[in-house]
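Structural description and commentary
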Amino acid sequence: QSVLTQPPSASGTPGQRVTISCSGSSSNIGSEPVNWYQQLPGTAPKFLIYGNNQRPSGVPDRFSGSKSGTSASLAISGLQSEDEADYYCAAWDDSLNGVVFGGGTKLTVL
Amino acid sequence: EVQLVQSGEEVKKPGESLKISCKGSGYSFNNYWIGWVRQMPGKGLEWMGIIYPGDSDTRNSPSFQGQVTISADKSISTAYLQWRSLKASDTATYYCARQLNGGYDLWGQGTLVTV
């Protein structure tokens, strides 16, 4: 059971906008910035969003992040087939003194 | 090129010891925290701990405390993850990653360990 809760799956058609939620608590999302990672099949994770809503250089602006209270969301607009991947949220947890990840959401592009 | 290159796949027996490596290049390796992340087959990401190669300051996840040892040799820009006695449940892919802006911006290619 992961400390951060994500839906196991999400789907959309090309061009659509999809959102992936990430729920935590006051000791992690509620007090620390949220990061998001994309993991394409068979590859290492890729840094997608940091500090709740900042994109590293090279990440398309189709990807955006937000946070409210103890929940965060990743939005992907203009969905493309190459966005089919697993997505993970993560944050520092002040109680556990470590990084906690969500269980991951498998995004399928129909 | 800025990169982290990990050591190759390992196949070991229960009870054996193992040390895998993560070598950084193209940036000042000693000045960034390096984290280790486990991914068991078909499962999600789990944070194991971090090390600052410059002074070997280490923080371990309570979930992995006592199970693995994280170390670094700053003279050769390399971080390590070590087991004294492997178990079948240690079968996983292990990633090292550089910490920047509170997250992990640069990842190694992963090391598959099969016990």
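Note that the coordinates shown come from a computational prediction; the quantities given were computed from them, not determined experimentally. (Residues numbered from 1 in each chain as written. Chains lettered and ligands numbered in written order. Predicted model: local features only at pLDDT ≥ 70, side-chain atom pairs only at ≥ 80, totals over all residues. Heavy atoms only, no water.)

1. Things to note about the environment of Asn31 of chain B
Residues and elements named next belong to chain B. Looking at the element boundaries, Asn31 is found in the loop between strand E3 (18-25) and strand E4 (34-39). Among the residues examined, Asn31 registers a relative accessible area of 48% and is labelled partly exposed. Distance in space between the C-alpha atoms of Asn31 and Gly54 is 6.0 Å, their sequence separation being 23 residues. Engagement of the side chain of Asn31 in a polar contact is seen with the side chain of Ser28, the distance being 2.8 Å. (Helix = DSSP H or I, 4+ residues; strand = E, 2+ residues; numbered from the N terminus. Buried < 20%, exposed > 50% of the residue type's maximum accessible area, 1.4 Å probe, protein only. Polar contact = N/O pair within 3.5 Å; in protein donor to acceptor, adjacent residues only side chain to side chain.)

2. Some points on the packing of aromatic side chains
Tallying each qualifying case throughout the model produces eleven aromatic pairs over all chains. When the centroid spacing of 6.1 Å and the interplanar angle of 55 degrees are considered together, the rings of Tyr37 of chain A and Phe101 of chain A count as tilted. In this pair, Tyr37 of chain A is assigned in strand E3 (residues 34-39) and Phe101 of chain A in strand E8 (residues 98-101), connecting sequence segments 64 residues apart. Judged by its relative accessible area of 1%, Tyr37 of chain A falls in the buried class. What makes Phe101 of chain A buried here is its relative accessible area of 5%. Judged by centre distance (6.2 Å) and plane angle (75 degrees), the rings of Tyr104 of chain B and Trp107 of chain B are edge-to-face. Residue class for Tyr104 of chain B comes out buried when judged on its relative accessible area of 2%. (Phe/Tyr/Trp six-rings, centres within 6.5 Å; stacked < 30°, edge-to-face > 60°.)

3. Some remarks on the state of the cysteines
Residues and elements named next belong to chain A. Throughout the structure, instances matching the rule amount to two disulfides over all chains. The disulfide partner of Cys22 is Cys89, and the S-S distance across this bridge is 2.0 Å. Note on the Cys22 and Cys89 pair: the S-S dihedral is about 75 degrees, so by sign convention the disulfide is right-handed. In this pair, Cys22 is assigned in strand E2 (residues 18-23) and Cys89 in strand E7 (residues 85-93), connecting sequence segments 67 residues apart. For the pair Cys22 and Cys89, one class covers both residues: buried. (Disulfide = S-S within 2.5 Å.)

4. Observations regarding the interface of chain A and chain B
Chain A puts 16 residues into the contact, and the matching count from chain B is 17 residues. Taking both sides of the interface into account, the surface hidden between chain A and chain B amounts to around 1,300 Å²; carbon and sulfur atoms contribute 65%. Counting the surface chain A buries against chain B, the share from its top three residues, Pro45, Phe47 and Phe101 of chain A, is 35%. Summed over the shared surface of chain A and chain B, the result is zero salt bridges. Along the contact surface separating chain A from chain B lie six residue pairs in polar contact (both at pLDDT 80 or more). Mapped by element, the contributors of at least two residues to the side of chain A that touches chain B are E3, E7 and E8 of chain A. A breakdown of the residues in the side of chain A that touches chain B according to their chemical character gives ten nonpolar, six polar and no charged. (Contact = heavy atoms within 4.5 Å. Buried area = accessible area lost by both parts, 1.4 Å probe. Salt bridge = Lys/Arg side-chain N within 4 Å of Asp/Glu carboxyl O. Nonpolar A, V, L, I, M, F, W, Y, C, P; charged D, E, K, R; others polar.)

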